[in-house]
Structure formats: structure tokens, C-alpha cells
Amino acid sequence: MKQINKKIAIIGLGNMGTAILNGLVKADNIDNQLIIGSRANPEKAESDSAKYGIPILTDNQETAKGADVIILAVKPYLMKDVVNEVKPVITNETIVISVATGYSLTNAAEQLGNHVKFARVMPNIPAQVGEGISGVVFNQNLSTNDQSLIMQILNTFGSAEQLTENQLDAFTGIAGSSPAIIFMIIEAMADAGVAKGLTRSQALAFAKQAVKGAAQLAIESDLHPGALKDAVCTPGGTTIEEVRTAESMNLRSTIIETMIAGIEKSESL
């Protein structure tokens with residue numbers, strides 16, 4: 001595994017920034033002393049610094065100073081202000097990565113200049129356990145080596161796929177936001193189990209493992225998901241009864257419309 005020998009600054013250690021940090025500090029191919037982060041709350045910054053053994057500051061510009069790669073992991077409504085904070089320490093060789101929904105290549109060029117090395121990334125929350133999937137869009141200033149470095153960083157907390165910018169909203173809907181829907185499904189499955197006599201801990205454990213196992217089978221199998229579904233449905237059995245009920249309640253249409261709602265929201269930001 002190729003060594004990452006660049007200084008990486010993560011601006012904003014909320015849920016996603018912390019997920020990225022977790023991936024980086026656990027990676028075998030980067031010295032943790034090359035990682036630095038920032039967050040607004042001084043007490044949490046001190047706590048995180050002790051937890052990870054790296055500097056966690058409250059000053060964004062100081063955090064970004066001297067970094068080869070700056071990862072902007074702040075809320076979309078804070079992006080312009082934070083970019084203005086770190087702009088004075090960004091050089092022509094600095095790679096800037098945004099994980100904020102809606103901050104486009106055009107926004108970056110307008111705010112930082114046409115020369116900036118910039119990538120848009122949409123990771124998802126399973127990055128916290130090294131199982132994230134990230135969609136990434138590169139601007140024209142990133143060299144092949146720059147792009148490889150970004151992919152290396154993203155692969156420390158999952159996998160990544162290069163996209164065009166007009167594909168990123170769709171990715172956001174079906175991969176970035178969808179874990180929340182999966183969590184709702186797990187919760188609902190467990191509720192059904194409790195309603196029929198399982199303990200809460202049993203029901204949750206069974207539902208979590210069923211979702212995990214089904215996802216892993218879908219990943220490893222060459223079969224279409226529909227064929228995998230058919231393979232579970234024995235004639236007159238419990239599974240086809242569940243499928244029949246799901247179809248009668250428009251489950252697939254509900255999921256499709258749910259994903260499209262997320263995509264359209266992303267498009268509007």
C-alpha cells in the first residue's frame with residue numbers, strides 16, 4: 001500500500017469530519033503526525049486531541065496553515081465563511097476537498113480562483129466503520145498524481161468512485177443520504193419482531209445481521225437483486241407473502257420516490 005506522506009488538515013470535526021478522521025488515523029499508510037483537525041468547541045477539541053493523539057485546534061486558518069490537503073467538512077451554510085478563513089493560507093499546490101453538499105466546482109473557482117486544485121466529495125456515514133462509499137468530482141487543475149492521492153485518502157474509510165459533477169446529486173440521494181432510510185428499515189424490522197414476542201435486543205440483532213448479510217450477498221453475487229429475491233421465495237412460503245404485502249403497499253415505489261426526493265433536494269442546494 002502506497003504511503004501517504006502529505007499533511008492533511010480536516011476543518012470541521014462533526015459527524016462526517018470525524019468519520020474521515022477515524023479512517024485516516026486507523027490507516028496503515030499514513031503517519032498520524034501528518035494529520036491535524038479543527039472544531040469550534042474548545043472542550044471537544046481538547047477531548048478529541050487526547051483521544052486521537054493529534055492536534056485539534058479551534059482556529060481554522062491555523063489548522064490549514066502548511067497543509068498539503070485541506071478537507072472542508074463543515075455544514076453547507078458555513079462553507080463560504082470557512083473558505084474565506086482558510087483562503088489566505090491556500091497556495092497553488094494546496095489540494096482543497098469539500099464534502100459540503102451544494103458547493104460546486106464553480107463556487108470554488110469563484111471564491112478561490114481558477115487556479116485552485118479542488119475536488120468535491122460526497123462520502124456517507126458508514127465511513128465511521130471503514131465501509132463508506134464516496135463519490136468524487138475533480139476539477140481540471142488536479143494532476144493524475146493529485147487525483148491518486150485523493151483516492152488514497154478516500155479509500156482509508158471505504159471506497160470511492162469518480163463521477164461527473166452532474167452525477168453527484170444522484171449519488172448523494174442513493175448513497176449519501178440513504179443510510180438514514182436503511183436505519184429506519186432496521187428499526188421497523190425490529191419493531192415487528194418485538195410486536196411478535198422477541199426482545200428488543202434480539203430483534204435489533206436479527207434485523208441488523210439480516211441487512212448486513214443481504215448487502216454482502218448482493219455485493220458478492222453476480223445475480224441481479226431481483227434474482228436474489230426470487231431465490232428466497234419458496235412457493236406458498238413466508239417470503240413470498242412478505243413480498244406480496246410489500247408490493248401491495250408500494251414499497252419499491254416508496255423507495256424510488258424517497259431517493260428522488262433526496263436527489264432533487266441536493267440539486268436545489
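Residues numbered from 1 in each chain as written. Predicted model: local features only at pLDDT ≥ 70, side-chain atom pairs only at ≥ 80, totals over all residues. Heavy atoms only, no water.

## Points about a nonpolar patch on the surface
Phase 1 of the analysis: The grouping of I182, F183, I185 and M189 at the surface amounts to a nonpolar patch, some 340 Å² of accessible area in total.
Phase 2 of the analysis: Among the secondary structure elements, I182 is positioned in helix α8 (residues 178–195).
Phase 3 of the analysis: On the basis of relative accessibility, which here comes to 36%, the residue I182 falls in the partly exposed class. (Patch = residues over 30% accessible without salt bridge, like charges linked within 9 Å, V, L, I, M, F, W, Y side chains within 5 Å. Areas by Shrake-Rupley, 256 points an atom, 1.4 Å probe, with all protein chains shown as cover. Salt bridge = Lys/Arg side-chain N within 4 Å of Asp/Glu carboxyl O. Helix = DSSP H or I, 4+ residues; strand = E, 2+ residues; numbered from the N terminus. Buried < 20%, exposed > 50% of the residue type's maximum accessible area, 1.4 Å probe, protein only.)

## Let's talk about the pairing of strand β4 (residues 69–72)
Phase 1 of the analysis: Alternating residues of β4 divide into V69 and I71 and I70 and L72, and every residue in both groups is buried.
Phase 2 of the analysis: Sheet topology places strand β1 (residues 8–11) next to β4; four bridges connect them, and they run parallel. When the bridges of β4 are listed, I10 appears paired with I71.
Phase 3 of the analysis: Assessed by its sense of winding, the connection that carries the chain from β4 through helix α4 (residues 79–86) to strand β5 (residues 95–98) is right-handed. (Pairing = 2+ DSSP bridges. Right-handed = clockwise from strand over helix to strand, strands pointing away.)

## Observations regarding the packing of helix α7 (residues 168–176) against helix α12 (residues 251–268)
Phase 1 of the analysis: Taken N-terminus to C-terminus, the directions of α7 and α12 make an angle of 135 degrees; their axes are 8 Å apart at the nearest point. Judged on the interaxial angle alone, α12 and α7 are oblique. Viewed along their axes, α7 and α12 form a crossing whose handedness is right-handed. Contact residues: α7 offers D169, A170, T172, G173 and I174, while α12 offers M259, G262, I263, S266 and E267. (Axes fitted to C-alpha atoms, helices over the stretch in contact; angles between N-to-C directions. Parallel < 35°, antiparallel > 145°, perpendicular 65-115°, else oblique. Left-handed = near helix turned anticlockwise from the far one by under 90°. Contact = heavy atoms within 4.5 Å.)

## A look at unusual backbone geometry
Phase 1 of the analysis: Unusually for a residue other than glycine, N250 sits at a positive phi of about 60 degrees.
Phase 2 of the analysis: Among the structural elements, N250 can be located in the loop between α11 (238–248) and α12.

## Some thoughts on α8
Phase 1 of the analysis: Compared with the 26 Å implied by 1.5 Å per residue over 18 residues, the 26 Å span of α8 between its first and last C-alpha is a close match.
Phase 2 of the analysis: For α8, the set of buried residues is S178, P179, I186, A190 and G193. End-on, the buried residues of α8 take up no more than an arc of 125 degrees, which puts them together on one face. Residues of α8 that are exposed and point more than 90 degrees away from the buried face comprise M184 and A195.
Phase 3 of the analysis: Residues of α8 that are buried make contact with α7, α9 (200–220) and α12.
Phase 4 of the analysis: G197 sits one or two residues past α8 and shows a positive phi near 110 degrees. (Expected span 1.5 Å × (residues − 1). Arc of directions from axis to C-beta.)

## As for α4
Phase 1 of the analysis: Those residues of α4 lying buried are M79, V82, V83 and V86. Down the axis, α4 shows its buried residues gathered within 100 degrees of arc, on one side only. For α4, exposure combined with an orientation more than 90 degrees from the buried face picks out K80 and D81.
Phase 2 of the analysis: In the core, the buried residues of α4 are packed alongside β1, α3 (60–64), β4, β5 and α5 (105–112).

## Re the pattern of salt bridges
Phase 1 of the analysis: In the structure shown here, the tally under the stated rule is nine salt bridges.
Phase 2 of the analysis: Its salt-bridge partner being K65, residue E62 comes within 3.2 Å of it at the nearest N-O pair.
Phase 3 of the analysis: Taking the shortest distance from any N to any O, the salt bridge between E247 and R252 comes out at 2.5 Å.
Phase 4 of the analysis: Classification of E247 by relative accessible area gives partly exposed; the value is 37%.
Phase 5 of the analysis: Classification of R252 by relative accessible area gives exposed; the value is 57%.
Phase 6 of the analysis: A single salt-bridge network, built from bridges that share partners, covers E93, K117 and D146.

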